[in-house]
Amino acid sequence: MVTGALVDEVVEEPAPETVARLVRALLIKSLLEILILCLVLGIAGFKYFNPTIRGEITQADAVSVRGWVANPLAPHDPIQLELVIDGRLTAVVIAREGQAEPAVSALLRPHPFVFSFQRLPAGTHSVQVYAVQTTPGRTLSLVPITRRSQTFTLNPDR
Amino acid sequence: MSATESSSSSNTLSWQAINLAEVISVILSILLVEWALAPFAVSPWLLGGPPLLAFLLMLYSHRCRGERLQMLGFGRRCFKRALLLLAGPTLLAIAALICVSYLTHSLHLPDRFWARLSLLPGWALLQQYTLLGFSYRRLRHFLHAKQSIMITAGLFALVHAPNYPLMILTFLGGLIWSFVYERAPNLFAFAISHVLLSATVLIAVPEWILPSMTVGYRYLLYHNF
């Protein structure tokens with residue numbers, strides 16, 4: 001039985017330039033793979049982590065929360081919003097394209113919204129509004145319309 | 001040690017390092033796709049980038065070293081001998097798998113079986129080329145046959161992680177194929193053995209042992225733990 005003779009037949013000392021060429025090829029391949037990895041991470045980051053839906057809570061008081069929301073990927077589509085007060089889902093509304101505050105550019109196609117609810121008890125409350133992301137090609141998810149929830153305090157005498 | 005001896009020793013060392021680096025680079029390309037890129041459902045063109053680069057590196061490496069297709073196992077040389085050596089273990093494994101399927105009543109035709117079978121020969125040849133025609137040959141340049149066989153089988157199992165039933169099967173397959181390649185390097189014979197075994201695994205292994213052939217991140221995605 002032939003052992004090791006067939007596979008091993010080309011083992012010989014390489015010329016230094018062959019080694020150099022292979023090292024170069026390995027480095028170029030590694031570099032291109034790093035570039036591909038960065039590209040994929042960049043695309044995925046933009047696709048999955050860029051919320052696209054943005055907005056603002058312009059007013060929050062004891063009985064209502066107002067603001068606007070916009071989705072540049074589907075500027076004319078209604079946007080379902082969920083109001084969370086103190087960590088609890090309080091109300092759901094559908095925001096439609098309309099006229100928001102003059103400070104908001106019309107190019108954004110803002111969807112104004114108003115949540116009305118029973119008077120909140122005195123104390124500090126946190127408010128956040130979540131939009132239901134239903135844009136085709138995006139993962140169905142709840143997206144907070146502002147980076148941080150808004151906090152306000154109600155005095156007992158009001 | 002004279003200057004000439006020192007230079008020769010340094011050359012040998014760098015040559016060993018190159019062989020090792022080439023194998024690691026190719027395996028990393030596969031792992032990169034399976035683990036780092038697969039989680040992000042981006043363009044398949046981008047997912048195919050690293051394997052394509054690995055393939056180009058392998059071709060370039062053969063060219064630099066003056067390795068011809070015949071040497072790698074793409075010719076007719078050793079075909080009959082390789083088939084003869086592979087026939088025993090392949091038929092034995094097929095018989096064992098059929099036996100298991102008979103005992104567990106698991107003989108089944110999986111989804112898209114014929115479509116998968118039609119792609120299998122090319123896929124098997126590509127895998128055998130990467131495993132034996134490239135990785136095993138490079139390892140063999142600086143390791144003993146037994147070490148090369150073990151490491152090649154280990155690497156073949158590694159790229160099928162974390163699908164542990166498939167890892168066990170591929171490790172055993174890797175051992176047999178590397179052992180025979182050492183004696184009769186003909187990749188077409190190995191591809192035939194690979195196709196027969198893969199097809200048998202697909203139809204014979206119970207789903208509770210091998211629920212799917214997915215590997216890497218996708219295996220985690222579609223299985224509950």
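All values derive from a computational prediction rather than experimental measurement.

The secondary structure content of chain A amounts to one helix and eight strands. What you see in chain A, going N to C, is helices and strands ordered as α-β-β-β-β-β-β-β-β. Within chain A, the proportion of its 158 residues that are buried is 37%. Restricting to contacts in chain A with at least 6 residues of sequence separation, those with at least 24 account for 59%.

To continue, consider the packing of helix α8 (residues 164-183) of chain B against helix α9 (residues 187-204) of chain B. A packed helix pair is summarised by two numbers, namely the angle formed by the two axes and the spacing between the axes. Residue and element names in this part refer to chain B. Running from amino to carboxyl end, α8 crosses α9 at an angle of 160°, the nearest separation of the two axes being 11 Å. What the angle tells us is that α8 and α9 run roughly antiparallel. In the packing of α8 onto α9, the handedness of the crossing is right-handed. Contacts between α8 and α9 involve Leu-169, Trp-177, Val-180 and Tyr-181 from the former and Leu-187, Phe-190, Ser-193, His-194, Leu-197 and Val-201 from the latter.

All names here are of chain B. Cis geometry is found at the peptide bond from Ala-161 to Pro-162, where omega equals 0°. Even without being glycine, Cys-78 reaches a positive phi, approximately 65°. By the element assignment, Cys-78 lies in the loop between α4 (69-72) and α5 (79-104). Cys-78 gets classed as buried once you look at its relative accessible area, which sits at 16%. In the Ramachandran plot, Arg-112 falls in the positive-phi region, its phi being about 50° despite a non-glycine side chain.

Moving on: α8 of chain B. Counted at 1.5 Å a residue, the expected span for α8 of chain B with its 20 residues is 28 Å, and the 29 Å between its end C-alpha atoms agrees. Here α8 of chain B has its buried residues at Pro-165, Leu-166, Thr-170, Gly-173, Gly-174, Trp-177, Ser-178, Val-180, Tyr-181, Glu-182 and Arg-183 of chain B.

Turning next to the pattern of salt bridges. Residues and elements named next belong to chain B. Evaluation of the coordinates by the stated rule reveals seven salt bridges over all chains. Glu-67 is the salt-bridge partner of Arg-137, the closest N and O atoms lying 3.6 Å from each other. Of the two residues, Arg-137 is situated in helix α6 (residues 113-140) and Glu-67 in the loop between α3 (49-65) and α4; the sequence distance between them amounts to 70 residues. Glu-67 carries the same exposure label as Arg-137, and that label is buried. Among the salt bridges present, the one from Arg-140 reaches Glu-182, with a minimum N-O distance of 2.9 Å. Within this pair, whereas Arg-140 is found in helix α6, its partner Glu-182 is found in helix α8, the two being separated by 42 residues in sequence. We classify Arg-140 as buried; its relative accessible area is 11%. Residues joined in a network through salt bridges with shared partners are Glu-22, Arg-65, Glu-67, Arg-137 and Arg-138.

All right, on to the confidence of the model for chain A then. All names here are of chain A. In the predicted model, chain A carries a mean pLDDT of 83, and 82% of its residues have values of at least 70. Model confidence for chain A, summarised as mean pLDDT per element, is weakest for strand β7 (residues 141-144) at 83 and strongest for strand β3 (residues 79-85) at 94. This stretch, residues 1-5, has a pLDDT under 50; its non-local contacts, to residues over four places away or in other chains, come to eight contacts.

This part is about the side chain of Asn-71 of chain A. All names here are of chain A. The topology assignment puts Asn-71 in the loop between β2 (64-70) and β3. Owing to a relative accessible area of 4%, Asn-71 belongs among the buried residues under this scheme. Not counting the four nearest positions on each side in its chain, Asn-71 is found in contact with Thr-52, Ile-53, Ile-79, Gln-133 and Thr-135.

Residues and elements named next belong to chain B. Look at α5: 36 Å from first C-alpha to last across 26 residues, which is about the 38 Å you get at 1.5 Å a residue. Along α5, the residues that are buried comprise Ala-82, Leu-86, Thr-90, Ile-94, Leu-97 and Ser-101. Those residues of α5 that are buried are in contact with α8 and α9. His-105 sits one or two positions beyond α5 and adopts a positive phi of about 50°.

On to the packing of aromatic side chains, then. Counting across every chain of the model gives eight aromatic pairs over all chains. Against the face of Phe-179 of chain B rests Arg-183 of chain B, its NZ or CZ located 3.8 Å from the ring centre.

Residue and element names in this part refer to chain A. Across the sheet, which stays open at both edges, the three strands sit in the order β1-β2-β5 with antiparallel pairing between neighbours. Both outer strands of the open sheet, β1 (54-60) and β5 (111-116), are each paired with one neighbouring strand and no more. Averaged over all pairs of adjacent strands, the angle between strand axes in this sheet comes to 20°, irrespective of strand direction. Pairing between β2 and β5: six bridges, direction antiparallel. Paired with Val-65 across the two strands is Phe-115, which belongs to β5.

Cut-offs and rules
Residues numbered from 1 in each chain as written. Chains lettered and ligands numbered in written order. Predicted model: local features only at pLDDT ≥ 70, side-chain atom pairs only at ≥ 80, totals over all residues. Heavy atoms only, no water. Helix = DSSP H or I, 4+ residues; strand = E, 2+ residues; numbered from the N terminus. Buried < 20%, exposed > 50% of the residue type's maximum accessible area, 1.4 Å probe, protein only. Contact = heavy atoms within 4.5 Å. Axes fitted to C-alpha atoms, helices over the stretch in contact; angles between N-to-C directions. Parallel < 35°, antiparallel > 145°, perpendicular 65-115°, else oblique. Left-handed = near helix turned anticlockwise from the far one by under 90°. Expected span 1.5 Å × (residues − 1). Salt bridge = Lys/Arg side-chain N within 4 Å of Asp/Glu carboxyl O. pLDDT = per-residue confidence, 0-100. Phe/Tyr/Trp six-rings, centres within 6.5 Å; stacked < 30°, edge-to-face > 60°. Lys NZ or Arg CZ within 6 Å of the ring centre and 35° of its normal. Pairing = 2+ DSSP bridges.

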